Amino acid sequence: MKKILLVLAFAGVSAASMAQDQTLKYSVATNSFWSNWFVQANVGFDAFYSNQEKGLGYSKSPFKSFRSNVSPSIAIGKWFTPGIGLRTKATGIWGRSVGSEDAKTNAIKFLNLQEQVMFNLSNMFCGYNPNRVWNFIPYVGVGVIRNFDANENGHAGSIGVLNTWKLSRRLALNFDVNFNLSDDDLEGETFGHNKYATSIAASDRYFAAEVGLTLNLGKTVGWNNVPDVDAIRMAYESQIDALNGELNNANGEIDRLNNLIKNHKCPEAKTVTVKEVTAAPVSVFFNIGSAKVASKKDLVNLQGLADAAKANNKTLVVTGSADSKTGSAAFNQKLSEKRAETVKAELVKMGVAESQIEVKAVGGVDNINPFSYNRRAVVEVK
């Protein structure tokens, strides 16, 4: 029976540990708006199909010269989370209208401009991993398409899959396959022309396979894991417990010495009273670029330090900091000052006099690993 209980206990602890790992696996800190932008440049092989060719018996092979061409594309976009992003993509210059089986007759100049929503399934299902080499990214988009030769405009839609292979922190190789369709406006034919497509068969469309490069922009590329505040708090609590144990031992020794003095026969003997205040520093954490306390749980330990300072008339020193990897030195200095002032304001709310609080700001630092833990303000007894 004891063995069964031990096995069940071990299984429960393991499951809890796995659940915590899964939670941390999918948790990342938010970044500023200017983080995780990218630009892309591709060269694509396009194969065009028109509803006007229905019943004419043209070869459906995408490699026939009368329906295929090579066109470049460029895009700019941003990842708002590790799994969801937007990009604006422009494709065009050379295309085919497929009005005949003659490549020269079919040649057109066109532009397909779309806004596309991207879903990084690698991050969404497997968790964010900054070292992952291959990312699988389906997307859908809507926009407008124009045939410059026929002076025709139409609505456009797309669906595709973007595959990226990491070459470096800034650079990735692209392979993009997509299907595009539009109103019956791309080929420029007037016979049997419908203004809007009512089905895929009634639309003008093309398939594309593109290769190119992605360049990641901005100072911040990727995301940092959310600080495990509970783990940090537990570490501080263990330090406090150890210090309290040492204090109890010292008090026991003081009591023993006082008893010796009381029992001594010398009339001039006096009782000695020793008062010691021991308190570990308390950290209050912040999200990237913010001077707002990330978790109200941090203020619980701060209250204990405030009570100790009030009871013993001690001065508290608040030191604000930021992480040196994000933001300029000037920005980080101001941010660390704001964080220190935020914590000072919380201490004042807890009844600590402003005269008992010293504020310092050290700007961007890299003292702690993981790096995001440097976004904090530390409070300690002077």
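Look up a bit, the structure's there.
Residues numbered from 1 in each chain as written. Predicted model: local features only at pLDDT ≥ 70, side-chain atom pairs only at ≥ 80, totals over all residues. Heavy atoms only, no water.

Draft legend 1. Fine view of the sheet that holds strand S13 (residues 357–365). The sheet built from four strands is open, its strands ordered S11-S14-S12-S13 with mixed pairing. Sheet topology places strand S11 (282–285) and S13 at the edges, where each strand pairs with a single neighbour. Taking each pair of neighbouring strands and ignoring which way they run, the sheet shows an average axis angle of 20°. Here strand S12 (residues 316–323) runs beside strand S14 (residues 376–381); their pairing, made up of five bridges, is antiparallel. (Pairing = 2+ DSSP bridges. Helix = DSSP H or I, 4+ residues; strand = E, 2+ residues; numbered from the N terminus. Axes fitted to C-alpha atoms, helices over the stretch in contact; angles between N-to-C directions.)

Draft legend 2. Structural context of the nonpolar core. One finds Leu302, Leu316, Val318, Val343, Leu347 and Val379 to be the most contacted residues of the largest nonpolar core, which totals 19 residues. When residues of this core are traced back to their parent elements, those giving at least two are S11, helix H5 (298–312), S12, helix H6 (329–349) and S14. Among the elements that line this core, the one with the most residues is H5, at five residues. Residues contacting Val343, with those up to four places away along its chain left out, are Val284, Phe286, Leu302, Val318, Ala377 and Val379. With 10 residues, the next largest nonpolar core counts Phe48, Phe66, Phe110 and Ile145 among its residues. (Core = buried A, V, L, I, M, F, W, Y, C linked by side-chain atoms within 4.5 Å. Buried < 20%, exposed > 50% of the residue type's maximum accessible area, 1.4 Å probe, protein only. Contact = heavy atoms within 4.5 Å.)

Draft legend 3. Structural context of the pattern of salt bridges. Counted by the stated rule, this structure contains 10 salt bridges. When the shortest N-O distance is used, the salt bridge between Asp176 and Arg87 registers 2.9 Å. On the criterion of sequence distance, the pair formed by Asp176 in strand S9 (residues 171–182) and Arg87 in strand S3 (residues 84–92) is long-range, its members being 89 residues apart. When salt bridges with common partners are traced through the structure, they connect Arg87, Lys89, Asp176 and Glu210 into a single cluster. (Salt bridge = Lys/Arg side-chain N within 4 Å of Asp/Glu carboxyl O.)

Draft legend 4. Structural context of the layout of surface pockets. Each pocket or cavity is described by its volume, and for the largest pocket that value is around 1000 Å³. Examining the composition of the lining of the largest pocket, we find that four residues originate from one element, strand S8 (residues 152–166), more than from any other. Split by residue class, the lining of the largest pocket holds 17 nonpolar, 17 polar and seven charged. Residue lining of the second largest pocket: 17 residues in total, with Ser32, Ile288, Thr326, Gly327 and Phe331 positioned closest to the centre. A total of four residues in the lining of the second largest pocket trace back to one element, the largest contributor, which is H6. (1 Å grid on protein atoms, 1.4 Å probe; cavity = no way out; pocket = protein on both sides within 12 Å on 5 of 7 lines; lining within 4 Å. Points joined across faces, edges and corners; volume = space filled by probe spheres on them. Nonpolar A, V, L, I, M, F, W, Y, C, P; charged D, E, K, R; others polar.)

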